[in-house]
Amino acid sequence: MLFDDPNLQETIASVLVPVAVPGAYTYKVPAGQSVVPGTIVKVPLGPREVIGAVWDIEPDAAINPKKLKTISRVYDTTPPLDRDLRRFVDWVANWTLGAPGMVVRMVLRSEEALEPEAPIAGVRRIEGAAPDRSTPARQRVLATMEDGFAWTRSGLAHAAGVSASVIDGLIHQNVLEVVSMPAAPPPPKPQIDYATKALTPAQQAAVDGLIETFDKTGGSVCLIDGVTGSGKTEVYFEAIAEALRREKQVLVLLPEIALTEQFLRRFEQRFGVYPAEWHSEITPKNRARVWRGVASGDVRVVIGARSSLFLPFKELGLIVVDEEHDAAFKQDDRVPYSARDMAVVRGHLSKFPVILASATPSVESRVNAELGRYELFELPERATGAAMPDLHVVDMRLSGPERGRWLAPRLVHAIKDTFAAGDQSLLFLNRRGYAPLTLCRTCGHRFQCAHCSAWLVEHRFQKKLVCHHCGHFEKIPDACPACQSADSLVACGPGVERIAEEVSDLFPQARTLVLSSDLPGGPERLKREMKIVEEGGADIIIGTQLVAKGHNFPKLKLVGVIDADLGLAHGDPRAAEKTFQLLAQVTGRAGRVSGGGQGLLQTYNADHPVIRALMSGDKHAFYKAEVDARRVAGLPPFGRLAAVIVSGPDRAFAEGYARALARAAPNDAAVTLLGPAEAALAMVRGRFRFRLLAMAPRQFDLQSYLRTWLGRGPKPTKGLRVQVDIDPQQFL
DNA sequence: AGCACGCCGACT
DNA sequence: GTCGGCGTGCTC
């Protein structure tokens, strides 16, 4: 008899568990239960129990059978992760050189979602029953319940304008009964034709082109490159409508900061319902709801931050990556991945279109479009017909401000005119605080952070010296700590607070507002102040980076860039690109709605290619020059270039390892070793990084190439991380 | 002695 | 990633 053989009664399965090990672990399947690849399970792991996913059934286990533990729970009410998602997980793990179990952990981030949602207690009228005494409050409750439906206790109390104790009283008297109501009904579906908007011919042409790509059987990537205000969002909304028409789910990826109420409202205005949201701030309950809804197909559209890429969509048919150039799509810790690149991969694996959109695309996306890997849709004009802002250079060498001032006369005049016309001015300076450096006039002592050797930034409002890298702060001393001289400290250079001081000095009658991420009052206050600006309640805004995105300032006519050179001098290979993007985005906000905008860029490098490209208004000139420069320097986008980042808590060791890797690289690889400038933050967190850039042979399989290459180098030691940062497009 | 903290290895 | 084990060093 078959059943007498104990070996045949026992099935085993390999399970990805959330630990950083290279493969899956093997477990016994409990008798009477069945699992398939993708089944979500709970398994014992060391002293605890963890959630994992079955990856393979009947694997050839090379494990001592005595060691095998048994799956402790099979989540059979949750659909198993489908084949496409499993392939995606494997792909990402392989690409990031990370553990597949850690990738699957990103899929299974809501344990609550694996349980069916608990029904909520409701109350219902008992037919024919009446209270002993009829009070006005009780009458209101019963009148509210005329419809005969069940209500939640608090919902009913609120609707009838009574306290919950009135309801409890009626329950006690057997007038109302407690029933269990199904938890939240499935969310309403977006309506494809709820409020279609008239599109400009350019927008319509892009929409037509995007819709055509849905018929490409292998999927495709489209890049929408449109100036600020060109109506990119309306264009991809129509692509979303097309995906919905084809009964597919849609994911819109946004950088965390752009996930605003304003954006959700725009979606609601077009499709009649709010989309599901997914980001780090979402409550566990909603998180679970969205996860379940995505898996069951009840949720049709998700707007989310990068982690939403790992949601278990039932029938995903389109991913939109808005602001695709934004660095927030890159995750640096845990599994280091780029959500924009992995979105392209996911579309490729599941053969559906992926749309990248930006006013300032990343150089690599632009190159991919020019090489024909991506389809390119350009929107060179604003949808309203408003003109792009007039940009001018203020050459600080020729006509700068007097000593101790930061606004050149020309900029002051422009602000004055703008203010007189009742419009808004924005002064952009990507530097928080009052002054980036403080020194002693007597002995030259410079205030440095004890932990990370960065300069301490003076915050005059808070009367503190703050390290912007690690958050360390100290009180501003009265005397120099080195030479004890009193009243000898001077602030060097400007921060937003110092600009604000100069502005209120020059324009005491203007309503001035500083927008900076470190404002006392936190995000709440920031939200309020953004709203004030939107509604025209401020005349002159002094802001850091965060004014560059997300919010719409309809009254903004003038953008003054206090220091256009800031950021150009970094050792970061993307310094020029980042500066171009930031300045194009921030100046692009001037006159966005009604035109007539103006931008003034204060610079000491009027001949710098970035400044010249911005002035010419010809983005393509910038991209062309940048690609040429990188080709010469051997930097990305490389077409054939690979980047490997080495990081570890021990700076000297990480550097030595990176150098050894460079030596071990094959002869046909031209290797550049880059310093820590672009990883300053990682350094402070104790994860010093080095980046190797290498020209690789014409045709190669990245993973095997890297593995042999890495294999030739010294053995990675504990605590050292090696990660890849390469555009995967060419390996698909 | 008692425990707080940090490092290290195992986890099927 | 998380846990327990074990060593070091400091305190009630």
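Residues numbered from 1 in each chain as written. Chains lettered and ligands numbered in written order. Predicted model: local features only at pLDDT ≥ 70, side-chain atom pairs only at ≥ 80, totals over all residues. Heavy atoms only, no water.

Engineer: Go over the pattern of salt bridges, please, and point to the residues and values.
Structural biologist: In this structure the tally under the stated criterion is 36 salt bridges. Two residues, glutamate 375 and lysine 216, come together in a salt bridge whose shortest N-O distance is 2.7 Å. Within this pair, whereas glutamate 375 is found in strand E16 (residues 375-379), its partner lysine 216 is found in the loop between helix H7 (201-213) and strand E10 (221-226), the two being separated by 159 residues in sequence. Assessed through its relative accessible area of 42%, lysine 216 is described here as partly exposed. The residue lysine 531 makes a salt bridge to glutamate 535 at a minimum N-O spacing of 3.6 Å. (Salt bridge = Lys/Arg side-chain N within 4 Å of Asp/Glu carboxyl O. Helix = DSSP H or I, 4+ residues; strand = E, 2+ residues; numbered from the N terminus. Buried < 20%, exposed > 50% of the residue type's maximum accessible area, 1.4 Å probe, protein only.)

Engineer: Residues and numbers for the UniProt feature "binding site: Zn(2+) 2" (unreviewed entry) in chain A, please.
Structural biologist: When the UniProt feature table is mapped onto this chain, "binding site: Zn(2+) 2" (unreviewed entry) is found at Cys449, Cys452, Cys467 and Cys470. The residue cysteine 470 is located in the loop between strand E21 (464-466) and strand E22 (473-475) in this model. Overall, the relative accessible area of 32% leaves cysteine 470 in the partly exposed class. (UniProt positions renumbered as here; feature names shortened; annotations may be inferred.)

Engineer: Break down the pairing of strand E27 (residues 598-603) for me, with residues and values.
Structural biologist: Counting buried residues in E27 gives 5 out of 6 residues, a clear majority hidden from the surface. Sheet topology note: the strand E17 (residues 390-395)/E27 ladder contains 6 bridges and is parallel. Among the inter-strand pairings, aspartate 390 is bridged to a residue of E27, identified as glutamine 598. Pairing between strand E26 (residues 556-561) and E27: 4 bridges, direction parallel. (Pairing = 2+ DSSP bridges.)

Engineer: So what's going on with helix H2 (residues 83-96)? Residues and values would help.
Structural biologist: If you check H2, its first and last C-alpha atoms are 20 Å apart, about what 14 residues at 1.5 Å a residue would give, namely 20 Å. Inspection of H2 places Leu85, Arg86, Phe88, Val89, Trp91, Val92, Ala93, Trp95 and Thr96 among the buried residues, and these make up the whole buried set. Near the N-terminus of H2, the side chain that reaches the backbone nitrogen of aspartate 84, with its oxygen 3.2 Å away, is that of aspartate 82. (Expected span 1.5 Å × (residues − 1). Polar contact = N/O pair within 3.5 Å; in protein donor to acceptor, adjacent residues only side chain to side chain.)

Engineer: How would you explain the environment of valine 345 if you had to name every residue and give the values?
Structural biologist: For valine 345, the location among the structural elements is in helix H11 (residues 339-350). Note: C-alpha distance between valine 345 and valine 221 (124 residues apart in sequence) is 9.9 Å. Non-local contacts of valine 345, meaning those with residues more than four positions away in its chain, are made with Phe88, Trp91, Pro728 and Leu732. (Contact = heavy atoms within 4.5 Å.)

Engineer: How would you summarise the layout of surface pockets if you had to cite specific residues and measurements?
Structural biologist: Approximately 940 Å³ is the volume attributed to the second largest pocket. As for the second largest pocket, its lining consists of 38 residues, of which Thr233, Glu234, Arg266, Asn552 and Arg592 are closest to the centre. The set of elements that each furnish at least two residues to the lining of the second largest pocket consists of helix H8 (232-245) and helix H9 (261-271). Top element by residues in the lining of the second largest pocket is H9. It accounts for 6 residues. Looking at the lining of the second largest pocket residue by residue, the classes come out as 11 nonpolar, 15 polar and 12 charged. (1 Å grid on protein atoms, 1.4 Å probe; cavity = no way out; pocket = protein on both sides within 12 Å on 5 of 7 lines; lining within 4 Å. Points joined across faces, edges and corners; volume = space filled by probe spheres on them. Nonpolar A, V, L, I, M, F, W, Y, C, P; charged D, E, K, R; others polar.)

Engineer: Describe the side chain of lysine 42, and please don't skip the residues or the numbers.
Structural biologist: Within the fold, lysine 42 resides in strand E3 (residues 40-45). The exposure class assigned to lysine 42 is buried, which follows from its relative accessible area of 19%. If near-sequence neighbours (up to four positions away) are discounted, lysine 42 is found in contact with Glu49, Val50, Ile51, Ile71, Ser72, Arg73, Tyr75 and Glu111.

Engineer: I'd like a rundown of the protein's contact with DNA strand B, residues and numbers included.
Structural biologist: Within the structure, DNA strand B sits among Val21, Tyr25, Thr26, Tyr27, Pro44, Leu45, Gly46, Ile63, Lys67, Leu68 and Lys69. If you look at DNA strand B and keep only atoms within 4 Å of the protein, 52% of those are sugar or phosphate atoms. Glycine 46 is positioned such that a nitrogen or oxygen atom in its backbone is 3.2 Å from a phosphate oxygen of DNA strand B. When residues of the surface near DNA strand B are traced back to their parent elements, those giving at least two are strand E2 (25-28) and E3. No other element matches the 3 residues that E2 contributes to the surface near DNA strand B. By residue class, the composition of the surface near DNA strand B is 7 nonpolar, 2 polar and 2 charged. (Near = heavy atom within 4 Å.)

Engineer: Please set out the UniProt feature "domain: Helicase ATP-binding" (unreviewed entry) in chain A residue by residue, giving values where relevant.
Structural biologist: Per the UniProt annotation, the sites labelled "domain: Helicase ATP-binding" (unreviewed entry) are residues 213-379. In this annotation, residues 213-379 is assigned 35% helix and 21% strand; the end-to-end C-alpha distance for the span is 18 Å.

Engineer: Tell me about the environment of glutamine 424, and name the residues and values.
Structural biologist: Relative to the elements of secondary structure, glutamine 424 occurs in strand E18 (residues 424-428). Separated by 116 residues in the primary sequence, glutamine 424 and isoleucine 540 have C-alpha atoms spaced 5.8 Å apart. Excluding residues that lie within four positions of it along the chain, glutamine 424 makes contacts with Thr418, Val533, Gly536, Gly537, Ala538, Asp539, Ile541, Phe553, Lys555, Leu556, Lys557 and Leu558.

Engineer: Let's hear about the protein's contact with DNA strand C: which residues, and what values?
Structural biologist: Within the structure, DNA strand C sits among Pro18, Val19, Pro47, Arg48, Met102, Arg105 and Arg334. Restricting attention to atoms of DNA strand C within 4 Å of the protein, one finds that 72% of them are sugar or phosphate atoms. Between DNA strand C and arginine 48, the relevant distance is 2.5 Å, taken from a base nitrogen to a side-chain nitrogen or oxygen of the residue. A class-by-class count of the residues in the surface near DNA strand C yields 4 nonpolar, no polar and 3 charged.

Engineer: Tell me about the sheet that holds strand E8 (residues 151-152), residues and numbers included.
Structural biologist: Here we have 3 strands laid out as an open sheet, ordered E8-E7-E9, and antiparallel in their pairing. Two strands bound the open sheet, and with one partner strand each, they are E8 and strand E9 (176-181). As defined by bridge partners, strand E7 (residues 120-125) adjoins E9 across 6 bridges and the pair is classed as antiparallel. Residue pairing across strands places arginine 124 opposite glutamate 177, the latter belonging to E9.

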